[in-house]
Amino acid sequence: MNAKSLLVVACFASAAAVAVAQPFDGPRTAANDAEPQQPPARPNPQPPPTPPPAPTGYQDTPMQPNGKWHIHDGTRPQPIVVKPGAMQPAPPPADAIVLLGAGTDLSKWQMTQGGGAVGWPIADGVLSSGRGMIRTKQDDFTDYQLHVEFATPSEVKGDSQGRGNSGVFLNAVFEIQVLDSFNNKTYPDGQASAMYGQFPPMVNASRGPGEWQSYDIVFSAPRFSGTTLEKPAMVTVLHNGVAVHNQRAFWGPTAHKAIPPYEPSNAKGFIGLQDHGNPVRFRNIWIRPLKADE
Ligand code: MG
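Rules used in this analysis
Residues numbered from 1 in each chain as written. Predicted model: local features only at pLDDT ≥ 70, side-chain atom pairs only at ≥ 80, totals over all residues. Helix = DSSP H or I, 4+ residues; strand = E, 2+ residues; numbered from the N terminus. Buried ≥ 20, exposed ≤ 12 C-beta atoms within 10 Å, placed from the backbone. Contact = placed C-beta atoms within 7 Å. Core = buried A, V, L, I, M, F, W, Y, C linked by C-beta atoms within 7 Å. Pairing = 2+ DSSP bridges. pLDDT = per-residue confidence, 0-100.

Asker: Can you help me understand the overall build of the chain in this one?
Answerer: The number of helices and strands found in the chain is two helices and 17 strands. Counting across all 294 residues of the chain, residues that qualify as buried make up 39%. A separation threshold of at least 6 residues defines the contact pool for the chain, and within that pool the share at least 24 residues apart is 67%.

Asker: Any chance you could explain the nonpolar core here in plain terms?
Answerer: The tendency in soluble globular proteins is for nonpolar side chains to be buried side by side. Judged by nonpolar contacts, the single largest core of 45 residues is most densely connected at Val168, Leu170, Ile217, Val235, Ile271 and Phe282. Looking at this core, the elements with two or more residues in it are β2 (97–100), β7 (144–151), β8 (166–170), β9 (174–178), β11 (213–220), β14 (234–239) and β17 (281–289). If we ignore the near neighbours within four places in the chain, the residues touching Val235 are Leu170, Met195, Ile217, Phe219, His245, Arg248 and Phe250.

Asker: Just checking my understanding: could you explain the sheet that holds β9 for this structure?
Answerer: Within a sheet, each strand pairs with its neighbour through backbone hydrogen bonds, oriented either parallel or antiparallel. The strand order across the open sheet formed by five strands is β3-β6-β16-β8-β9, and the pairing between neighbours is antiparallel. Two strands close off the open sheet at either side, each with one partner strand: β3 (109–111) and β9. Of the pairings in the sheet, the one linking β8 to strand β16 (residues 272–273) comprises two bridges and is antiparallel in character. Of the residues in β16, the one forming a bridge with Phe169 is Gly272.

Asker: Even after reading the chapter, I still don't get the pairing of β9, so can you show me in this structure?
Answerer: Each regular strand shows side chains that alternate between the opposite faces of the sheet. For β9, a buried count of five out of five residues is recorded, marking the element as mostly surrounded by other parts of the structure. Both faces of β9 are covered, namely the face carrying Phe174, Ile176 and Val178 and the face carrying Glu175 and Gln177. Bridging between β8 and β9 involves five bridges; their strand directions are antiparallel. Within the sheet, the bridge partner assigned to Ser166 lies in β9 and is Val178. The turn linking β8 back onto β9 is made up of three residues, and Asn171 within it adopts a positive phi angle of 50 degrees.

Asker: Is there a simple way to think about the environment of Arg223 in this case?
Answerer: With respect to the helices and strands, the residue Arg223 is situated in strand β12 (residues 223–225). We classify Arg223 as partly exposed; it has 15 C-beta atoms within 10 Å. C-alpha separation for the pair Arg223 and Asn266, spaced 43 residues apart in sequence, amounts to 8.7 Å. Excluding its chain neighbours within four sequence positions, the residues that come into contact with Arg223 are Glu230, Lys231 and Ala267.

Asker: Where do I start with unusual backbone geometry in this structure?
Answerer: One can expect most non-glycine residues to show negative phi and most peptide bonds to be in trans. Notably, Ser193 is not glycine yet its phi reads approximately 70 degrees, a positive angle. Secondary-structure assignment places Ser193 in the loop between β9 and β10 (203–204).

Asker: What is the right way to read the confidence of the model for the chain from this model?
Answerer: One rule of thumb: low pLDDT means the predicted coordinates there are not for detailed reading. Confidence in the prediction for the chain averages 88 pLDDT; 85% of positions are at 70 or higher. Across residues 1–40, where pLDDT falls below 50, the model places 58 contacts with residues more than four positions away in sequence or in other chains.

Asker: Where do I start with the pairing of β14 in this structure?
Answerer: The two faces of β14 differ: Val235, Val237 and His239 on one face are buried, but Met234, Thr236 and Leu238 on the other face are not. With six bridges connecting them, β11 and β14 associate as antiparallel partners. Residue Ser220 lies in a different strand from β14, and its bridge partner there is Met234. Linking two consecutive strands that pair antiparallel, namely β14 and strand β15 (residues 242–249), is a turn of two residues; a positive phi of about 55 degrees is found at Asn240 within it.

Asker: Even after reading the chapter, I still don't get the environment of Pro53, so can you show me in this structure?
Answerer: With respect to the helices and strands, Pro53 occurs in the loop between α2 (30–33) and β1 (80–81). For the pair Pro53 and Asp159, spaced 106 residues apart in sequence, the C-alpha separation works out to 6.7 Å. Leave out the neighbours within four places in its chain, and Pro53 touches Asp159 and Ser160.

Asker: Sorry, what's going on with the environment of Gly164 here?
Answerer: Structurally, Gly164 is set in the loop between β7 and β8. The class for Gly164 is buried, based on 27 C-beta atoms found within 10 Å. For the pair Gly164 and Gly277, spaced 113 residues apart in the sequence, the C-alpha separation amounts to 8.5 Å.

The structure is reproduced here in structure tokens:
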């Protein structure tokens with residue numbers, strides 16, 4: 001495992017453990033590595049190394065529990081592209097908790113690591129991802145309907161997992177991936193709206209770089225009897241109004257190159273937004289807690 005892989009592992013493992021280490025800052029570029037102030041030390045200096053392209057899949061990872069594919073299997077069929085309809089406004093219903101509204105109010109959020117005030121820039125209701133993951137202060141969500149709008153960077157940089165990467169974390173540990181998946185090949189279980197490392201979306205309903213997109217997520221928390229899992233976490237997801245997961249069960253919490261076992265603490269949790277080193281914008285986030293069957 002190379003250094004970058006270790007950092008990515010740290011990023012996801014830390015998300016699962018809530019105690020989050022600083023995620024990596026994305027691929028270094030030749031421009032970042034250059035030292036423009038210094039004259040060349042040699043007549044013909046070597047150009048700075050170009051970072052290799054990000055991997056688009058793995059065959060050396062464990063098999064998923066149903067034995068069909070490796071985790072992050074690059075040979076798994078790519079979801080077909082379905083062009084979504086026009087973006088529709090989705091104002092919060094009257095009974096929703098507005099997590100991110102029209103102004104600059106971040107009172108519902110905190111940094112995941114350390115619990116301090118959110119350091120991500122915000123203006124006119126648009127929050128841009130910055131250093132460190134953020135989470136809702138409320139940490140006892142269970143079953144809910146969640147609406148999130150996001151936009152990956154207009155300026156396309158990087159490839160595969162290095163392009164427009166962020167994520168929406170459900171109950172702190174179950175990630176619905178955010179990525180620029182518009183003409184950007186990656187492993188299918190890691191593309192936009194994937195249940196990261198577990199299930200690709202049924203189709204690729206991504207819009208282009210810089211365009212606003214939406215996730216509408218209906219999530220049911222896992223149920224436990226003591227320490228025994230009775231019912232896994234279940235999710236239905238619409239990406240830009242197109243169903244991409246239909247009551248799918250998570251095999252366990254999200255990780256990179258792994259699927260850890262469930263833990264009773266997964267029964268409730270916060271909503272988290274991931275910093276993966278790419279500036280992704282968010283707006284209009286609201287949640288409606290749902291009643292369990294009585
Ligand atoms: Mg992500």
